[in-house]
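Per-entry structural report
Each chain, written out:
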Amino acid sequence: MYSITKWIKGNRAETALIFFAVIFFFIYSWFYLGTAAATAKFNSPDEAANYFFIKNYVVSGTLKVFEPLNLTTGGMIHPRSIAVVGGYLVPGSFLGLILIYGWLAKIFTLGVVWWLTPFFASAAVFCFYGIVKNIFDRRVALWSSFLFLVHPAFWYYASRGLFPNILFVSLILAGFYFLVGHKKSKTLVLNYLDYILAGLFFGLALTVRLSEIIWVGAALFILFLIYRKNVKWSELIIFILSAGIAFIPIFIYNRTIYGEPLTTAYNLGEGSPAGGGAAWLVSAAKFIFPFGLEIKNVLKNFSTYFVGMFWWFAIPAAFSVAVFIKRLIAGKLDKKIKIYLLVGGFVSLFLFLYYGSWFFYDNPAKEASIGTSYVRYWLPIYILSLPLVAFTLIKLVDFIRPLKQKLFAAVLCLIFILFGVKLTFFDKNDGLAYVYKNVHDYAAIAKSVDLFIPSEAVIIVDRADKIFFPEHRVVSPLRDDSTYALIPELAKILPLYYYGLPLTEKEMDYLYDGRINKEEIKIIEIKNFGAESLYQLKYLK
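Residues numbered from 1 in each chain as written. Predicted model: local features only at pLDDT ≥ 70, side-chain atom pairs only at ≥ 80, totals over all residues. Heavy atoms only, no water.

**Re the sheet that holds strand β6 (residues 496–500)**
If you walk across this open sheet you meet the five strands as β5-β4-β6-β8-β7, and the pairing is mixed. Bordering the open sheet on either side are β5 (473–475) and β7 (521–528), each of which pairs with just one other strand. Across the sheet, the axes of successive neighbouring strands diverge by a mean angle of 30°, strand direction being ignored. Strands in contact with helix α22 (residues 481–493) are β4 (458–461), β5, β6, β7 and β8 (533–539); relative to β8, the strand with the most contacts, it is inclined by about 70°. (Pairing = 2+ DSSP bridges. Helix = DSSP H or I, 4+ residues; strand = E, 2+ residues; numbered from the N terminus. Axes fitted to C-alpha atoms, helices over the stretch in contact; angles between N-to-C directions. Contact = heavy atoms within 4.5 Å.)

**Observations concerning a nonpolar patch on the surface**
A surface patch of nonpolar side chains, about 780 Å² in accessible area, is lined by Ile4, Trp7, Ile8, Ile18, Val22, Phe26, Leu33, Trp115 and Phe126. Every element with two or more residues in the nonpolar patch is listed here: α1 (2–10), α2 (12–34) and α6 (113–135). Examining the composition of the nonpolar patch, we find that four residues originate from one element, α2, more than from any other. (Patch = residues over 30% accessible without salt bridge, like charges linked within 9 Å, V, L, I, M, F, W, Y side chains within 5 Å. Areas by Shrake-Rupley, 256 points an atom, 1.4 Å probe, with all protein chains shown as cover. Salt bridge = Lys/Arg side-chain N within 4 Å of Asp/Glu carboxyl O.)

**Let's talk about unusual backbone geometry**
Here the amide bond leading from Phe469 into Pro470 is cis, since omega sits at 10°, within 30 degrees of zero. Cis rather than trans, the peptide bond between Ser476 and Pro477 has omega equal to -10°. Its place among the elements puts Pro477 in the loop between β5 and α22. Residue Ala40 is not a glycine yet carries a positive backbone phi of 60°. Turning to its location among the elements, Ala40 is positioned in the loop between α3 (36–39) and α4 (45–60). Looking at Ala40, the relative accessible area reads 41%, which means it is partly exposed. (Buried < 20%, exposed > 50% of the residue type's maximum accessible area, 1.4 Å probe, protein only.)

**Comments concerning the nonpolar core**
Ranked by internal contacts, the top residues of the largest apolar core, which has 160 residues, are Phe148, Leu162, Phe468 and Tyr499. Setting aside residues no more than four positions away along its own chain, Phe468 makes contact with Lys41, Ile445, Ala446, Val449, Ile459, Val461, Val474 and Tyr499. Listed in part, the 23 residues of the second largest apolar core include Ile77, Val475, Ala491 and Tyr498. (Core = buried A, V, L, I, M, F, W, Y, C linked by side-chain atoms within 4.5 Å.)

**Examining the packing of aromatic side chains**
Counting across every chain of the model gives 60 aromatic pairs. Above the ring of Phe529, the side-chain terminus of Lys527 is found at 5.5 Å from the ring centroid. (Phe/Tyr/Trp six-rings, centres within 6.5 Å; stacked < 30°, edge-to-face > 60°. Lys NZ or Arg CZ within 6 Å of the ring centre and 35° of its normal.)

**Considerations on the environment of Cys413**
Assignment of secondary structure puts Cys413 in helix α19 (residues 405–426). The contacts of Cys413, once residues within four sequence positions are left out, are Trp143 and Phe146.

**Considering the pairing of β8**
Pairing of β6 with β8, which is carried by four bridges, proceeds in the antiparallel orientation. Looking across to β8, one finds that Gly500 is bridged to Ser533. In this sheet, β8 lies alongside β7 in antiparallel orientation, the contact comprising seven bridges. Residue pairing in the sheet places Lys527 in a bridge with Leu534 of β8. Linking β7 back to β8 in an antiparallel pair, the connection comprises four residues, with Gly530 at a positive phi of about 90°.

**Overview of the pairing of strand β2 (residues 82–85)**
Moving residue by residue along a regular strand, the side chains alternate between the two faces of the sheet. Pairing of β2 with strand β3 (residues 88–91), which is carried by four bridges, proceeds in the antiparallel orientation. Its bridge partner lying in β3, Ile82 is registered against Pro91. A loop of two residues connects β2 with β3, the two strands running antiparallel in sequence, and Gly86 in this loop sits at a positive phi of about 60°.

**Observations regarding helix α8 (residues 152–159)**
Counting buried positions along α8 gives eight out of eight residues, so the element sits mostly inside the fold. Among the residues of α8, those classed as buried are Pro152, Ala153, Phe154, Trp155, Tyr156, Tyr157, Ala158 and Ser159.

**Examining the layout of surface pockets**
To find leftover empty space, a probe the size of one water molecule is rolled over the atoms. One number sums up the size of the second largest pocket: a volume of about 540 Å³. When contributions to the lining of the second largest pocket are tallied by element, the ones reaching two or more residues are α2, α7 (138–150) and α19. The biggest single contributor to the lining of the second largest pocket is α7, with six residues. When its residues are assigned to classes, the lining of the second largest pocket shows eleven nonpolar, no polar and four charged. (1 Å grid on protein atoms, 1.4 Å probe; cavity = no way out; pocket = protein on both sides within 12 Å on 5 of 7 lines; lining within 4 Å. Points joined across faces, edges and corners; volume = space filled by probe spheres on them. Nonpolar A, V, L, I, M, F, W, Y, C, P; charged D, E, K, R; others polar.)

**Regarding the sheet that holds β3**
Strands sit in the order β1-β3-β2 across an open sheet of three strands; the sheet is antiparallel. Of all the strands in the sheet, the pair left with one neighbour each is β1 (65–66) and β2. Along the sheet, helix α12 (residues 233–258) makes contact with β2 and β3, crossing β3 at roughly 150°.

**Observations regarding the confidence of the model for the protein chain**
Looking at the protein chain, the pLDDT average stands at 91 and 94% of residues meet or exceed 70. Ranking the elements of the protein chain by mean pLDDT puts helix α13 (residues 277–288) last, at 60, and α8 first, at 98. (pLDDT = per-residue confidence, 0-100.)

**Regarding the packing of α2 against α6**
For any two helices packed against each other, the geometry comes down to the angle between their axes and how far apart the axes lie. Two elements in contact, α2 and α6, have axes whose closest approach is 8 Å; the angle formed by their N-to-C orientations is 150°. By the angle between their directions, the pair α2 and α6 is classed as roughly antiparallel. Relative to α6, the crossing made by α2 is right-handed. Contacts between α2 and α6 pair Glu14, Leu17, Ile18, Ala21, Phe24, Phe25, Phe26, Tyr28, Ser29, Tyr32 and Leu33 from the former with Trp114, Trp115, Pro118, Phe119, Ala121, Ser122, Val125, Phe126, Tyr129 and Lys133 from the latter. Partitioned by chemical class, the residues of the contact of α2 with α6 number 17 nonpolar, two polar and two charged. (Parallel < 35°, antiparallel > 145°, perpendicular 65-115°, else oblique. Left-handed = near helix turned anticlockwise from the far one by under 90°.)

**Regarding the pattern of salt bridges**
Inspection of every chain in the model, using the stated rule, returns 13 salt bridges. Ionic pairing is found between Asp398 and Arg139, a salt bridge with its closest N-O pair at 2.7 Å. Taken together, the residues span a long stretch of sequence, with Asp398 in helix α18 (residues 379–399) and Arg139 in helix α7 at a distance of 259 residues. Where Arg209 meets Glu212, a salt bridge forms, and the shortest distance between an N and an O atom there is 2.9 Å.

**Some words on the side chain of Ser145**
Within the element layout of this structure, Ser145 appears in helix α7. With relative accessibility at 0%, the residue Ser145 sits in the buried group. Here Ala141 takes part through its backbone oxygen, which lies 2.7 Å from a polar atom of the side chain of Ser145. Sequence-distant contacts of Ser145, defined by excluding residues within four places in its chain, comprise Leu17, Val125, Phe128 and Tyr129. (Polar contact = N/O pair within 3.5 Å; in protein donor to acceptor, adjacent residues only side chain to side chain.)

Right, dumping it as structure tokens:
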């Protein structure tokens, strides 16, 4: 007991970090415990699909579910975020999160799923602390770690943990920690265990989001070039083999699910490019920048989702960049900080170009929000910028008279917490408070609809698949030629319904104008649910 007390007195900063990490573990856990755990409903089809396959893996040990109707409907019976192969429902995403969480849920029961991402997120802060402390100093590391926990992007997706992004960045941070973070030496002379653990964590991270392999691989290659004289070939081989071991289950399940070890849901059905060198060049360009290079989009998205949405982080980060550039020109910048800025700058630029060239909105209001995909795709950028933010805040604190520095630091922390709460919980489109209400509304709608339709019914939806799947089979969307062709075939053999925006007289005329045969199918409104309605599509013949 004495030794613990002595450690706490000698390590007050680390003790505070442990305290905050534990507190935020429970804060992050709150959201799913209050929504998905209570209702089995989610706000996103991605979350719903991942939980569906995790649960199926725990129960049956497989990642595919047979749906016989898909054999006669061209594979149309499935929600968004789930693909169909040979009549089976299969994951429409990379398998890493499903297998990692499924394996842990087999050990600790399915209920552990709600706690896993908060745990990995809270543990990752210690890896981040170790990395930043090694590169900058203890004070910058402590401030950076606090900012890490309260950054709205991290806070939001740590709370919605069945998106893969927090698990991915947590595993990446663990990989970098074992690679460079906990060594006092300025070189990469590491023991074999460090390389094994680093390789394993990098490998696991890429099983979760293989699409990030370009910048992860490039960042590691840059570090290798810088420190190549300190790395033995045996250590490099051990690192690569350890990363490869993490992919063995993925290759096995890819073959079982998609037919080939290297086939995923994202390249399902793609063949090799034909046409020689030019075609391969085009294919390579699409692989590196699948959304093209649209600089106007990049600048607009940078302005919106890096500067505008998180301005209280962006402004101090910009100040630090200016200071470090000045020091670099003067030849007074530490080598490790130079390398951090080089690697961090490359990763940030690549991710800005890679995802920023794409332009879209994720919410029906078509407004920028914390729930937009850019925010989770750019999590590595936000994290990389935190030491720069911390550096500026420390300069501000040091500017205050010594007697008031602690009070000023506490006020700064409170300001960042309050701004974090405001955006994380009360963003008008996707804040956690808004999503919390949505999920409970979805559960009430699902329960009400069940009173009107039989269990074997098929429901055509636009965005409501997350409400009715997996209790009911779903098809989406209604307004699609494939769906119009499918309606009479389904209505012949099963009760068929549509749930979505109310159909006005004009829309009914549109559907009956060569899309749905009025002599075959009668559309009957069953119940209105405010912004949406339930309809039966009754077969007349």
